[in-house]
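# Observations on chain architecture
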2 protein chains.
Amino acid sequence: MSRSSKSHDGPANPSRRGLLKAGIAGAGLVAGAGLARAAGGDPANLPPNVADWSRYLGPGVDAAPYGMPSEHEAQVVRRSVEWLTASRESSINFTPLHELDGIITPNGLCFERHHGGVAEMNPTDYRLMINGLVDKPLIFTLEDLKRFPRVNRLYFLECAANSGMEWRGAQLNGCQFTHGMVHCVMYTGVPLKYLLEEAGLKTNAKWIMPEGGDAAGMNRSVPIEKALDDCIVAFKMNGEALRPEQGYPARLVVPGWEGNMWVKWLRRIEVGDMPWHAREETSKYTDLLEGGKARRFTWVMDAKSVITSPSPQAPILHAKGATVLTGLAWSGNGRITRVDVTLDGGKNWHEARIDGPSLPKALHRFYFEFDWDGSELLLQSRAHDETGYVQPTKDALRAVRGTNSIYHNNGIQTWYVKADGGVENVEIS
Amino acid sequence: MSRSSKSHDGPANPSRRGLLKAGIAGAGLVAGAGLARAAGGDPANLPPNVADWSRYLGPGVDAAPYGMPSEHEAQVVRRSVEWLTASRESSINFTPLHELDGIITPNGLCFERHHGGVAEMNPTDYRLMINGLVDKPLIFTLEDLKRFPRVNRLYFLECAANSGMEWRGAQLNGCQFTHGMVHCVMYTGVPLKYLLEEAGLKTNAKWIMPEGGDAAGMNRSVPIEKALDDCIVAFKMNGEALRPEQGYPARLVVPGWEGNMWVKWLRRIEVGDMPWHAREETSKYTDLLEGGKARRFTWVMDAKSVITSPSPQAPILHAKGATVLTGLAWSGNGRITRVDVTLDGGKNWHEARIDGPSLPKALHRFYFEFDWDGSELLLQSRAHDETGYVQPTKDALRAVRGTNSIYHNNGIQTWYVKADGGVENVEIS
């Protein structure tokens with residue numbers, strides 16, 4: 001049998017190192033697609049002679065019944081900002097978007113936003129009540145819920161306050177902090193419609209009020225049309241039980257709408273004929289306009305995007321040459337149909353490549369591969385959704401809403417790439 | 001403003017308990033869709049007056065930078081079988097399929113199969129060499145790989161030995177053990193084609209040999225057509241870095257083909273003109289037929305399915321009435337187009353409902369909702385894929401391959417449900 005080389009040894013075999021070095025030196029920079037280069041010919045780049053991991057047996061299959069990330073990934077964590085909120089229980093942490101790729105957020109990295117800390121609920125004591133304008137008030141155990149037909153849907157969840165600090169200009173240096181109150185997981189649960197039908201809606205049933213079992217008793221008014229459309233009472237995320245901080249054992253999923261409506265630790269759904277105007281839909285989560293007037297409800301999270309790399313926490317680490325720009329886009333109104341990116345602050349726009357499943361109200365991943373010439377860049381991305389809506393500039397939003405706002409900032413974000421590859425959060429007009 | 005009830009208190013307000021009990025007692029069993037019932041009127045089913053989780057602030061946002069499942073989910077773990085293999089380093093553990101739903105496997109629960117334990121690799125020392133029948137031998141660092149265009153694909157990975165113990169009849173009591181060597185995650189990585197094109201394939205390049213950096217130096221021969229079709233050098237799973245036990249920092253993804261070809265801790269790809277006939281594709285992972293002759297290569301994992309609940313580890317916990325049957329189906333040849341289920345050992349077949357994204361070479365989730373009358377059941381599922389292939393019975397497989405086999409058992413599985421709801425692994429002819 002012929003062979004392409006005389007030895008099947010690994011790359012660290014000393015007798016082959018001369019050959020390899022020659023090969024690498026001969027390879028040099030890449031022509032063709034022009035999108036990558038080899039590691040260069042520096043012998044310092046070669047691996048140690050035989051690495052320990054190749055010589056000794058590693059941990060076996062009993063090491064971790066529930067597995068964890070590599071110790072080399074310790075920097076990939078949710079982070080909070082101490083001064084942003086008065087307490088740690090009613091606070092926020094952020095998804096490390098700059099470290100992630102694809103469209104699924106691992107459960108351990110989904111951002112948290114609590115109004116009274118994590119309710120640590122025992123699933124055997126869990127109950128969900130449906131009361132109000134129904135024919136039969138009902139109480140379900142968790143096992144009861146699992147006897148209804150289930151669906152599986154991948155949805156993004158974005159906090160209404162995501163990017164809120166950006167209303168008044170560039171504030172936080174990293175997409176984890178500017179855009180990290182978004183995640184995207186696959187939910188399994190029961191369409192809320194089935195539970196409401198089980199209870200029997202009275203003819204004057206126009207609204208529901210989902211209520212959480214946490215110390216905040218978090219509640220929101222949801223119009224019955226949305227409740228009967230695509231809302232889900234979910235008990236799984238990415239295949240396994242909901243995480244405690246995401247509402248274990250059951251939460252409401254309100255696809256495409258602002259995150260605080262997705263009530264966690266869901267204990268009750270009251271059916272009524274008018275909205276409740278609860279605290280978190282009046283004094284908070286409303287858009288305060290210039291004259292002191294606030295918009296009543298802003299439910300849908302409009303189309304938005306952000307470049308996750310390069311970004312302030314993910315600088316360009318190499319010199320000139322092949323560079324991958326990547327980011328996320330999403331819309332509460334459906335699918336993303338197109339993402340444009342610019343390297344020069346909007347003078348020239350290029351259509352990015354969206355890769356991976358394109359599902360309604362889910363994150364979309366985009367890429368733009370380019371040859372960096374080592375000069376300064378002003379990076380922006382702009383999302384289009386299937387309704388024809390195009391992500392606006394921050395200035396366009398301010399022209400309509402002024403600068404009192406905290407919520408619903410879906411304006412175009414700018415990153416300034418310096419000649420040394422470092423990246424800063426800036427704003428340009 | 002009118003309201004559906006006089007109080008907005010939670011369900012545990014003592015003044016409302018009489019009302020609630022009346023409401024529940026009035027609800028009773030459910031007519032209509034007939035698929036669920038409320039928890040019944042027993043006051044013992046009502047929640048404690050005011051639960052601690054509603055009264056006290058829970059943990060805040062600094063509690064877990066990388067989150068973990070609830071302590072109430074401690075039973076949802078990978079499990080191994082002590083007697084199955086000679087060592088723990090070269091062994092297997094199993095995905096707890098009976099506890100999961102949807103089509104995504106959380107990274108911490110993806111089954112493990114190692115031939116020399118987990119290689120604990122430092123990503124800064126990582127190198128991938130491409131050598132053999134190429135114009136330019138190349139060595140890539142991890143950062144080099146990240147300068148090529150990336151793709152995102154959801155794929156199942158199944159070990160060729162999954163269900164291997166079932167060849168000679170029902171052996172292991174639970175789908176975690178009979179079918180748990182399968183998982184499904186979204187990979188992000190570089191199409192292998194781009195790396196091979198970068199090195200430049202010589203005209204006589206017909207095969208590649210991916211080789212792992214683990215102590216086993218795991219290697220397999222892969223035909224060049226597959227390498228250039230849909231193989232990926234992946235560095236992310238479900239958005240984050242590969243887990244150590246899944247090949248951190250980079251593995252080969254060989255969609256639809258048997259798991260051990262998906263070389264982990266990928267350190268080298270040799271290009272040749274013939275297959276290598278390495279240990280793990282000759283003495284192992286081949287199908288030994290009756291006369292002592294073995295099939296040369298069996299790469300594709302044919303269409304297969306399993307009911308994950310009810311199943312031996314997931315018995316029916318309620319009495320008669322609304323019951324959800326659910327399971328998984330997959331095919332190495334593309335999409336699943338249909339799943340049939342039977343409750344009576346094959347006398348009557350019903351089309352199951354497939355729910356969630358249907359992606360090629362990925363897990364598909366199916367459901368069948370039925371009213372259990374409390375009698376004994378013989379549950380089976382049968383997958384169809386887009387090529388028209390239909391999952392065979394175990395007897396049909398034995399008629400062709402005899403009973404020497406360990407690998408590639410995609411036969412129909414049977415669960416026996418007893419009148420008390422308990423479930424056993426059985427075989428029927």
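Per an unreviewed UniProt entry, chain A goes by Sulfite dehydrogenase and derives from Stappia taiwanensis. Its UniProt record gives chain A the following Cofactor (unreviewed entry) comment, quoted word for word: "Mo-molybdopterin".

### Here's the deal with the overall build of chain A
Secondary structure summary: chain A contains seven helices and 19 strands in total. The proportion of buried residues among the 429 residues of chain A is 64%. By sequence separation, contacts in chain A at least 24 residues apart represent 70% of the contacts at least 6 residues apart. A total accessible area of about 14,900 Å² is found for chain A, and carbon and sulfur atoms account for 51% of it.

### Here we look at the packing of aromatic side chains
Going through the model one piece at a time under the given rule, you end up with 20 aromatic pairs over all chains. With a centroid separation of 5.1 Å and 15° between ring planes, the pair formed by Phe297(A) and Trp299(A) is classed as stacked. In textbook terms, an aromatic cluster arises when at least three aromatic residues are bridged by ring pairs, as seen for Trp207(A), Trp257(A), Phe297(A) and Trp299(A). Residue placement shows Lys146(A) over the ring face of Phe235(A); its charged tip is 5.3 Å from the ring centre. Here the basic side chain of Arg382(B) rests over the ring of Trp349(B), its NZ or CZ set 4.0 Å away from the ring centre.

### Some remarks on the environment of Val341(B)
All names here are of chain B. With respect to the secondary-structure elements, Val341 resides in strand β13 (residues 336-342). Counting along the chain gives 39 residues from Val341 to Gln380, while the straight-line C-alpha distance between them is 5.6 Å. In this view, Val341 contacts Leu325, Asn348, Trp349, His350, Ala352, Phe366, Phe368, Gln380 and Ser381; residues no more than four positions away in its chain are not counted.

### Notes on the side chain of Lys226(B)
All names here are of chain B. As for its placement among the helices and strands, Lys226 is situated in helix α6 (residues 224-229). Of the residues examined, Lys226 reaches a relative accessible area of 6% and is grouped as buried. Excluding anything up to four places from it in sequence, Lys226 contacts Cys231, Val254, Pro255, Trp257 and Lys361.

### A look at the relation of the copies chain B and chain A
With an RMSD of 0.0 Å, the fit of chain B onto chain A corresponds to turning through 180° and sliding 0.0 Å along the axis. A rotation of that kind, with that shift, is consistent with a two-fold axis. Rotation axis and chain B: the residue whose C-alpha lies nearest the axis is Pro106(B), separated from it by 3.7 Å. When you check the interface residues of chain B against chain A, 99% turn up at the interface there too, and the contact is symmetric in its surfaces.

### Observations concerning the pattern of salt bridges
Following the criterion strictly, the structure yields 54 salt bridges over all chains and no others. In this structure, the salt-bridge partner of Arg153(B) is Asp355(A), at a minimum N-O distance of 2.9 Å. Pair noted here: Arg153(B) is in strand β3 (residues 151-158) and Asp355(A) is in the loop between β15 (353-354) and β16 (364-372), and the two residues belong to different chains. Take Asp355(A): its relative accessible area is 9%, and that puts it in the buried class.

### Overview of the confidence of the model for chain A
Detailed reading of the predicted coordinates is not advisable wherever pLDDT is low. Confidence along chain A averages 89 in pLDDT terms, with 89% of residues attaining 70 or more. Across residues 1-43 of chain A the pLDDT falls below 50, and counting only partners more than four positions away or on other chains, this stretch makes 82 contacts in the model.

### Observations regarding the sheet that holds strand β18 (residues 414-417) of chain A
Residues and elements named next belong to chain A. Overall, antiparallel pairing links the five strands, which are arranged β14-β13-β17-β18-β19 in an open sheet. Looking at the sheet topology across the chains shown, the edges are occupied by β14 (350-351) and β19 (423-426). Looking at chain direction, β18 and β19 are connected through four bridges and run antiparallel. Counted as the bridge partner of Thr414 is Val426 from β19.

### Digging into the interface of chain B and chain A
The interface is formed by 135 residues belonging to chain B together with 135 residues belonging to chain A. Summed over both partners, the interface of chain B with chain A comes to about 11,300 Å²; 58% of that surface belongs to carbon and sulfur atoms. Summed over the three residues of chain B that lose the most area to chain A, namely Trp53(B), Val61(B) and Arg147(B), the buried surface amounts to 9% of that side. Our enumeration of links across chain B and chain A arrives at six salt bridges.

### Points about the sheet that holds strand β6 (residues 222-223) of chain B
Residues and elements named next belong to chain B. Spatially, five strands are ordered β2-β1-β10-β5-β6 in an open sheet, and the strand pairing comes out mixed. A strand with exactly one partner marks an edge of an open sheet, and here the two such strands are β2 (138-140) and β6. The pairing of strand β1 (residues 128-132) with β2 spans three bridges and is classified as antiparallel. Bridging across to β2, Leu128 finds its partner in Phe140.

### What to know about the side chain of Thr414(B)
Residues and elements named next belong to chain B. Along the chain, Thr414 falls in strand β18 (residues 414-417). A distance of 2.8 Å separates the side chain of Thr414 from the side chain of Gln380, its partner in a polar contact. Not counting the four nearest positions on each side in its chain, Thr414 is found in contact with Leu378, Leu379, Gln380, Glu424, Asn425, Val426 and Ile428.

### Remarks on helix α7 (residues 394-401) of chain A
What sets the pattern is the α-helix's 3.6 residues per turn: residues three or four places apart point alike. Residues and elements named next belong to chain A. Inspection of α7 places Lys394, Leu397, Arg398 and Arg401 among the buried residues, and these make up the whole buried set. Seen along its axis, α7 keeps its buried residues to an arc of 100°; they face one direction. Of the exposed residues in α7, the ones pointing more than 90 degrees away from its buried face are Ala399 and Val400. Taken from the residues just after α7, Gly402 is the one with a positive phi, measuring 70°.

Quick notes on the rules
- Residues numbered from 1 in each chain as written.
- Chains lettered and ligands numbered in written order.
- Predicted model: local features only at pLDDT ≥ 70, side-chain atom pairs only at ≥ 80, totals over all residues.
- Heavy atoms only, no water.
- UniProt positions renumbered as here; feature names shortened; annotations may be inferred.
- Helix = DSSP H or I, 4+ residues; strand = E, 2+ residues; numbered from the N terminus.
- Buried < 20%, exposed > 50% of the residue type's maximum accessible area, 1.4 Å probe, protein only.
- Contact = heavy atoms within 4.5 Å.
- Areas by Shrake-Rupley, 256 points an atom, 1.4 Å probe, with all protein chains shown as cover.
- Phe/Tyr/Trp six-rings, centres within 6.5 Å; stacked < 30°, edge-to-face > 60°.
- Lys NZ or Arg CZ within 6 Å of the ring centre and 35° of its normal.
- Least-squares fit on C-alpha atoms with pLDDT ≥ 70 in both.
- Salt bridge = Lys/Arg side-chain N within 4 Å of Asp/Glu carboxyl O.
- pLDDT = per-residue confidence, 0-100.
- Pairing = 2+ DSSP bridges.
- Buried area = accessible area lost by both parts, 1.4 Å probe.
- Polar contact = N/O pair within 3.5 Å; in protein donor to acceptor, adjacent residues only side chain to side chain.
- Arc of directions from axis to C-beta.

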